[in-house]
Amino acid sequence: MGFRRKDLLGTRDLSADEIRTLLESAESFKEIAERPLKKVPALRGKTVVNLFFEPSTRTRTSFEIAAKRLSADAVNISASTSSVVKGESLLDTVDNLQAMAPDIIVVRHKSVGAAHLIAGHIGASVVNAGDGANEHPTQALLDLLTISAHKKLGPGLRVAIIGDIAHSRVARSNIWALTTLGITVRVCAPPTMLPRGLENIKGVEVCRRPEEALDGVDVVMMLRIQLERQDRLLFPSLRDYAAIFGLNRRRLALARPDAIVMHPGPMNRGVEITSDVADSEQAVILSQVSNGVALRMAVLFLLGGQGHE
Amino acid sequence: MSETIPSLLLKNGRLIDAAQALDGKFDIFLVDGKVSKIGIGLEVAADRTLDLEGLWVLPGAIDLHVHLREPGYEYKETILSGAQAAVAGGFTSIACMANTMPINDNAAVTRFILEQARAAPAKVLPIAAITRAMQGEVLVEMGDLVAAGAVAFSDDGKTVPDSKLLRHALEYASLFGKPLLCHCQDNALFADGVIHEGMIAAQHGLAGIPALAEEIDIARTIMLAEYLKVPVHICHLSTRGGIALVRQGKARGVRVTAEATPHHLFLSEEAVVDLACGETLDEDLKPAMLCYNTNSKMSPPLRTAADVAALRQALADGTIDAIATDHAPHEATEKAVEYDLAPFGVVGLETALALALRLVREGVLTPLQLVARMSQTPAAILGLNDRGSLATGMAADLTIVDPECEWVVDPEKFYSKARNTPFTGWRLQGRVVRTIVDGRVVFSL
């Protein structure tokens, strides 16, 4: 048993056992954040490169802290400071990185499959930190870790994901990970942001209205609505979106009383979620952030620290 | 051409000619670049005789839709390399699209293409743009272009969004009896899509191109042709809905013809995440990356398995008149990029006939239908009276095929400058062994 892969590119093809291994490992790393000296030597001498082609503060910082707490050397490269702006191809950029012998490359890119392209091209381990609207596996896994502190992961559990499903890698990675564990996923979005055919995925239920999606669920995941979508005619206004799809007290009351509320951040308060809900007892949004570090430590550790060479 | 062509007697081959409904063992005698005689046990004094026992002899294949990239993008393909790929794939005539640089929207470019083609082993037929610079705003000088040698008009890769302009293009082209080859696509619905809007797009977050983007424009195009009572040709059908529109149009008597590409006849959207698409690939040649391989990216995109089945049915029943490759060469580094950034298109000239032979093997087409879809009808669509058949007096353009020969698609061995095929590692049966253009052997395996 364990996790023997060169790369973590998505949750789509992870087995239930692999997911559990990652979560168990993450569980053991949680405690490190509480120590006065937040560092273990697990990845001493290893180099982790955070290669971010899209702006990101929290994911990049989370990976950086995770790498440093494992004693790895963490290097951050963002597209604006790299040669990408000079027109270099992705594979050339990666070849140059590879020549400096990194052990793990964490990639965030706007194109679907960018992490796969890199992983297939180089020997270093690759962690997908978001490829377009495809996958963001560590987000889904940290979400599972967060849920597992409150609920038993497995059949019977019901999770509602509400927001711009079409453009959300968080939604996709969660759909794959949750359904692999037998958890029912309800997705709900304006029809303009709901890809056709999701209902064909086993374990996924498509709901037209948030009221329907929220009814009796154990977990509510709200997705960030991106302002640029409005320009692309996908919804008339944030005001309209908030009125129909926003999570407020009244709507949350439809979920189970012990339901938890999640958001991958950054939040648009007053749009997809009201402040009173975001700051309520039921919200576990900051736990997600803390768990993100532990989960990413587990991922880096399992990819770089043992087994795979 | 003052140089004399040695006469050539081809004996004992299986002659398959749709125009004459001929399928049997015959000898064929080629003199002065034309078919002189067909018969059993021909006794003629030939300069050269070839025994084609066990081989098929077909009228040379004609491709209505290729991109030769010259002028302007010679690093992708040249007229010469494209024509070499053509004859290696059994094509004796290829019609090349206008999206070169400069665009073939004036007689000077048409003449340049024909000049370059003089050294090429295949007959190159320039297709001129419909609108100047393919901007969809002003008609090209059709008369001048036809006089220079343009065989058809197309803004391929783009549609002509302005319906009034498309109307006038159809009307004006009819003056010369030259067809419009329409790439049908509603640009707003196509948007920034990269693959078919279906299950794979939904699951992988790739921007989708709905079937509707193609079908709405096919409907518009057919309605215009119907109203104007002029012919129109629809490029690369890919959807059930598009097929239905063409079928209904034909039933109403609209002079609409249509083509389908080998890749749309063999691959579905599944290829985006598994390029092998169920095929057992040669181990040594198998691409390293089967998921998100950019050789699964073309426009129109690979559709659903049901669309593939419908295309095959439509090809068999004649709704689809022709197989055309949409041969779209790209340089390797252009395709070795992020999926959404890669250019659309795949090469097809060197695999099309073998794939069509597989359709025969699979019972989709009869050998006569294959010849109809790859030679007779393409010639008719372009109004080429001297080819598309092996009847006496026709140009001696022939493709000789070994139907049993097994081979593996290895892009490194292509004559094309480009390698961007989705069929790398496919094991195919049936191969072009000789190609003859105007009585001369221009390709031998």
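This part covers the overall build of chain A. In terms of helices and strands, chain A carries 12 helices and 9 strands. For 309 residues, the compact-globule estimate of 2.2 N^0.38 gives 19 Å, and the C-alpha radius of gyration of chain A, at 19 Å, lies within 12% of that figure. The dimensions of chain A, computed from C-alpha atoms along their principal axes, are 55 × 40 × 35 Å. The buried share of chain A, reckoned over its 309 residues, is 49%.

One can find L341 of chain B in the loop between α11 (332-335) and α12 (352-361). As a C-alpha pair, L341 of chain B and V194 of chain B span 147 residues in sequence and 9.0 Å in three-dimensional space.

Turning to the environment of L181 of chain A, a few remarks are in order. All names here are of chain A. Looking at where L181 falls in the secondary structure, it is placed in the loop between α6 (169-180) and β6 (184-188). Distance in space between the C-alpha atoms of L181 and L157 is 9.8 Å, their sequence separation being 24 residues. Sequence-distant contacts of L181, that is, excluding residues within four places in its chain, are made with A16, I19, L153 and G154.

Moving on to unusual backbone geometry. A cis amide bond, omega 5°, links M101 of chain B with the succeeding residue P102 of chain B. Take P102 of chain B: it is sitting in the loop between β7 (91-96) and α2 (107-117). The residue after S299 of chain B, namely P300 of chain B, is reached through a cis peptide bond having omega 0°. One non-glycine residue with positive phi stands out, namely A101 of chain A, at about 55°.

This paragraph deals with the interface of chain B and chain A. Each partner contributes residues to the interface: chain B has 19 residues there, and chain A has 21 residues. At 4 residues, the largest contribution of residues to the side of chain B that touches chain A is made by helix α6 (residues 199-204) of chain B. Across the side of chain B that touches chain A, the residue classes tally to 12 nonpolar, 4 polar and 3 charged.

It is worth spelling out helix α8 (residues 240-251) of chain B at this point. Residues and elements named next belong to chain B. An ideal rise of 1.5 Å per residue puts 16 Å on 12 residues; α8 measures up with 16 Å between its terminal C-alpha atoms. For α8, the secondary structure elements touched by its buried residues are α7 (211-228), β13 (232-234), β14 (256-260) and α10 (305-317). Just downstream of α8, G253 is the residue with a positive phi angle, here 95°.

What follows deals with the domain arrangement of chain B. All names here are of chain B. Segmenting chain B into domains produces domain 1 (8-51) and domain 2 (59-385 + 405-427). Taking only C-alpha atoms into account, the centre of domain 1 sits 32 Å from that of domain 2. The interface is formed by 6 residues belonging to domain 1 together with 6 residues belonging to domain 2. Here the residues of the side of domain 1 that touches domain 2 sort into 4 nonpolar, no polar and 2 charged.

Residue and element names in this part refer to chain B. Of all 6 residues that make up strand β6 (residues 61-66), 6 are buried, and the element is covered over most of its length. Here β6 pairs with β7 via 4 bridges, running parallel. Its bridge partner being in β7, I62 is matched across the sheet by S93. Following the chain from β6 across helix α1 (residues 79-88) to the adjacent parallel β7, one finds a crossover that is right-handed.

Reading the values: rules and limits
Residues numbered from 1 in each chain as written. Chains lettered and ligands numbered in written order. Predicted model: local features only at pLDDT ≥ 70, side-chain atom pairs only at ≥ 80, totals over all residues. Helix = DSSP H or I, 4+ residues; strand = E, 2+ residues; numbered from the N terminus. Rg over C-alpha atoms; globule rule 2.2 N^0.38 Å. Buried ≥ 20, exposed ≤ 12 C-beta atoms within 10 Å, placed from the backbone. Contact = placed C-beta atoms within 7 Å. Nonpolar A, V, L, I, M, F, W, Y, C, P; charged D, E, K, R; others polar. Expected span 1.5 Å × (residues − 1). Domains from an automatic or database assignment. Pairing = 2+ DSSP bridges. Right-handed = clockwise from strand over helix to strand, strands pointing away.

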